[in-house]
Amino acid sequence: MAGRVARAAIAFLIAVVFVGWMLLWVMMPTNTYKQKWQPKIRAHANSTYFGAQGANLLTSVFPVLFMAVLGCIYLHLGKDKDCQKKSCSRGKTNRLSVWRRPVLVKGPLGIVSGIELTLLAMFVALLIWAFTSFLQTSFAKINAKSAHQLGDKVWQEKLDSAALRLGVVGAICFAFLFFPVTRGSSLLPLLGLTSEGSVKYHIWLGHIVMTLFTAHGLCYIVYWATENEISQMLKWDKIGVSNVAGELALICGLLMWVTSFPRLRRKTFEVFYYTHHLYFLFFFFFVLHVGVSFFGLVLPGIFLFLVDRYLRFLQSRQRVRLLSARLLPCQALELSFSKSPGLSYSPTSIMFVNVPSISRIQWHPFTVTSNSSLEQDKLSVVIKCEGSWSEKLYQILSSPSPVEKLDVSVEGPYGPASTNLFRYEKLIMISGGSGITPFISIIRELIFQSSTRKQQIPQVQLVCSQLVCIVRNSEQLAMIDLLLPLAGNPCDITRLQLQIDAHVTREKGPNNENKNQKLLRTLWFKPNPSDVPVSAVLGPNSWLWLGAIISSSFVIFLLLLGITTRYYIYPIDYNTNKIFPYSSRSLLNVLFICVSIVMTASAAVLWNKKQSAMEANQIQNMEGITPTTSPGSWFYNGDRELESLPHQSLSQSIKVHFGARPDLQKILLEFDESSVGVLASGPKEMRHRVAAICSSGLAENLHFESISFTW
């Protein structure tokens, strides 16, 4: 009870700070802010230790980092099972359910709910408001007399002013760009978001940012050309704005932008992947271009992203223990890793995997199919061969000569802070292609909850339409074997009321030619003493450690900045005729941020690494004898030597339909339960079709959720 009250108080405080922070963004373009608010803020924040940066640090940086730290405490308290209970009962729809339904299904934005569309419209309105307010204020000062004094025409002065304001509005949008891609963020879970589900917001923001920055650069080029001052493009002013740095930042941004368009990204993913690492150069030259004036605006998102990125780097340096690999006849495989018992994660989580023998720099995200409660010492991911990287991995593992060891590094897992699958009376999970993989973790979670909870769990129907568009033979049905773990705690699926309808569209009937030959094959790897189990990089209390890293690193940054400003920059600016270069001051800011993050994050990781060393040794000592047999498949009548009863129950729940596509509308509209959760995962066309049915108004009891990992 105390934990729930504390979480409610923290949530209220975060909401108040967030409203105040957003109010500053709304008021920033107005004369009220410039003439009244800003002078008062600068008068109180300006000092010999921080200079003019003090105001930006106080108004732009501190509120966001304060919310991030409070969010860490909120999520840590949420680990208590009593705090995770929701007041809404099954059968009662939430007031926000109407807003969560898809409003737009097709188009460049994809599937967009009412809440997402409203927030997008509000953000665009903020940008338009800022741009028009800035223009109105600046244009009021431009007339024929002022233009003549500068040797320009009125339209040239207005073009110069508009170009500058486009850059300012672009910087406002840039301030939000890195929040959606901070995988270990403590802010996204507060909004019920995950990093992989928020990638589309990063894409939207990226398009807006690059459109504004490109227009900003083109307007200045036109202005300089009309002024016969094209040489301004080669100007690097130590005191004012550095044009060369801005052009370099724009070039880096354009490379990332062009290669991120879907057609080019799908054809040449590696080009997109490598060029997107130019983000650091983009940020670096942007800071040199604008100096410290706009540095505070973009710092919060960058700061949190750099903390997360460095923690990911530290986790990726370790080799994790790979236990086994299940090879399916449908060109898919399941990798199972040793896991620390203290690591817990929610269904639909993802983990990034790197295999150095294939590529040392390529990291690919895959769905975690295991359940942290059902399989306390093992973590599994499923990989479908749909690219050169996954095909090479499958070839290595399926080679005639057995592989005894495979070096693997991971980042994650990342996923929602919690899931509430019990708010629905019925769950309908519709998958296509490899889209069944996120549902494996959900079904395993339901299996675990059905055996531990006294309350009745929702009925589940899995329309296995992963074969609808791309599957040509029934080998793909072997993916259903992954619904149950290879080994672990006994699984009782009798209470789950699971029904599976598998549709094979490219075959008229069962193919019995190779039925007894295409069995599952399991490889068991020899343990390496240097490998470690998959564990949270900051230990079981990772949220508290993350809050400590954010707060302590920011304090160290302020100390370094204050000491340098007071005893090095301030004497130059005020006791000499010189002015400390803006670019040098920006470099010092970036350096101090990196140093503070590296110091605090490294110390936290090393401390937790020592604490988990004993646990890793215990896991090594508990490893048993490696099995030498491989279970077969329910579909190919293979003899199961592990957990035969659960798989027998699973096979009785499966209905296979050949030669026809499922009538999704008929399936979804035939349920009369008051609350039906509809989860769709797979090809875009299929998800759009399901979303269109749920948003058509034909059934008010359907609540749609799209699970998409297409980046």
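Residues numbered from 1 in each chain as written. Predicted model: local features only at pLDDT ≥ 70, side-chain atom pairs only at ≥ 80, totals over all residues. Heavy atoms only, no water.

This structure, assessed with the given rule, holds 28 aromatic pairs. When the centroid spacing of 5.4 Å and the interplanar angle of 90° are considered together, the rings of Phe174 and Phe282 count as edge-to-face. Residue Phe174 is located in helix α8 (residues 154-174), and its partner Phe282 is located in helix α13 (residues 279-290); the two are separated by 108 residues in the primary sequence. Judged on exposure class, the residue Phe174 and its partner Phe282 are both buried. (Phe/Tyr/Trp six-rings, centres within 6.5 Å; stacked < 30°, edge-to-face > 60°. Helix = DSSP H or I, 4+ residues; strand = E, 2+ residues; numbered from the N terminus. Buried < 20%, exposed > 50% of the residue type's maximum accessible area, 1.4 Å probe, protein only.)

This next bit is on a nonpolar patch on the surface. A cluster of nonpolar side chains, namely Tyr49, Val555, Leu559, Ile563 and Tyr567, defines an oily patch on the protein surface of about 530 Å² accessible area. With respect to the helices, strands and loops of the structure, Leu559 is situated in helix α17 (residues 542-575). On the accessibility criterion, Leu559 (52% relative accessible area) is exposed. (Patch = residues over 30% accessible without salt bridge, like charges linked within 9 Å, V, L, I, M, F, W, Y side chains within 5 Å. Areas by Shrake-Rupley, 256 points an atom, 1.4 Å probe, with all protein chains shown as cover. Salt bridge = Lys/Arg side-chain N within 4 Å of Asp/Glu carboxyl O.)

Attention now moves to empty space enclosed by the protein. One pass over the full model with this rule turns up four cavities of 30 Å³ or more. As for the largest cavity, its lining consists of Ala68, Thr182, Gly184, Ser185, Ser186, Leu187, Leu304, Val307, Asp308, Leu546 and Ile550. For the lining of the largest cavity, the elements supplying multiple residues, two or more each, are α14 (295-316) and α17. A per-element tally of the lining of the largest cavity places α14 first, with three residues. By volume, the second largest cavity amounts to about 50 Å³. (1 Å grid on protein atoms, 1.4 Å probe; cavity = no way out; pocket = protein on both sides within 12 Å on 5 of 7 lines; lining within 4 Å. Points joined across faces, edges and corners; volume = space filled by probe spheres on them.)

So, on to the sheet that holds strand β6 (residues 364-367). Spatial strand order, β6-β5-β8: three strands in an open sheet with antiparallel pairing. Taken across any chain shown, the strands that pair with only one partner, and hence form the sheet edges, are β6 and β8 (409-414). This sheet shows a mean twist of 25° between the axes of neighbouring strands, independent of strand direction. Where strand β5 (residues 350-354) lies against β6, four bridges are found, and the strand directions are antiparallel. Counted as the bridge partner of Phe352 is Pro365 from β6. (Pairing = 2+ DSSP bridges. Axes fitted to C-alpha atoms, helices over the stretch in contact; angles between N-to-C directions.)

Remark: helix α2 (residues 31-45) packs on helix α3 (residues 53-77), axes separated minimally by 8 Å, with the N-to-C direction vectors making an angle of 110°. It follows that α2 is roughly perpendicular to α3 by the angle criterion. Of the residues in α3, those in contact with Ile41, Arg42 and Ala45 of α2 are Gly54, Ala55, Leu58 and Thr59. Residue composition of the contact of α2 with α3, by class: four nonpolar, two polar and one charged. (Parallel < 35°, antiparallel > 145°, perpendicular 65-115°, else oblique. Contact = heavy atoms within 4.5 Å. Nonpolar A, V, L, I, M, F, W, Y, C, P; charged D, E, K, R; others polar.)

Here we come to α2. Across its 15 residues, α2 extends 20 Å between first and last C-alpha, which sits within 8% of the 21 Å expected from 1.5 Å per residue. In α2, a bend of some 40° at Trp37 exceeds every other bend along the element, and Pro39, a proline, comes one to four places later. Taken as a whole, α2 has its buried residues at Tyr33, Ile41 and Ala45. Where the residues of α2 are buried, they touch α1 (2-27) and α3. (Expected span 1.5 Å × (residues − 1). Bend = angle between axes of the 7 residues up to and from the residue.)

Moving on: the pattern of salt bridges. Taken as a whole, this structure holds 10 salt bridges when the rule is applied. The residue Lys200 makes a salt bridge to Glu116 at a minimum N-O spacing of 3.0 Å. In this pair, Lys200 sits in helix α9 (residues 199-226) while Glu116 sits in helix α6 (residues 114-139), placing the two residues 84 residues apart along the sequence. The exposure class assigned to Glu116 is buried, which follows from its relative accessible area of 15%. Between Glu375 and Arg444 there is a salt bridge, and its shortest N-O distance comes to 3.0 Å.

The next thing to look at is the side chain of Thr182. Mapped onto the elements of the fold, Thr182 is located in the loop between α8 and α9. Among all residues touching Thr182, those that are not within four sequence positions of it are Leu188, Ser195, Leu304, Phe305 and Asp308.

What follows is about the sheet that holds strand β7 (residues 378-384). Hydrogen bonds along the backbone pair up the strands of a sheet, which may run parallel or antiparallel. Spatial ordering of the open sheet is given by β7-β4-β3-β12, a layout of four strands whose pairing is antiparallel. Each end of this open sheet is capped by a strand with a single partner; those strands are β7 and β12 (521-524). Averaged over all adjacent pairs, the angle separating strand axes in this sheet is 15°, with direction ignored. Direction of pairing for strand β3 (residues 322-328) relative to strand β4 (residues 332-338): antiparallel, over a ladder of six bridges.

Among the structural elements, Thr194 can be located in the loop between α8 and α9. On the accessibility criterion, Thr194 (17% relative accessible area) is buried. Side chain to side chain, Thr194 and Glu196 meet in a polar contact 3.3 Å long. With residues up to four places along the chain from it excluded, the contact list for Thr194 reads Leu188, Gly415 and Pro416. (Polar contact = N/O pair within 3.5 Å; in protein donor to acceptor, adjacent residues only side chain to side chain.)

In the predicted model, the protein carries a mean pLDDT of 80, and the fraction of residues at 70 or more is 83%. When mean pLDDT is compared element by element in the protein, helix α10 (residues 243-259) scores highest at 93, while helix α4 (residues 81-84) scores lowest at 48. Within the model, pLDDT remains below 50 along residues 82-93, and this stretch shows 23 contacts once partners closer than five positions in the same chain are excluded. Ignoring residues within four places in sequence, the model shows residues 464-472, a span with pLDDT below 50, making 37 contacts including any to other chains. (pLDDT = per-residue confidence, 0-100.)

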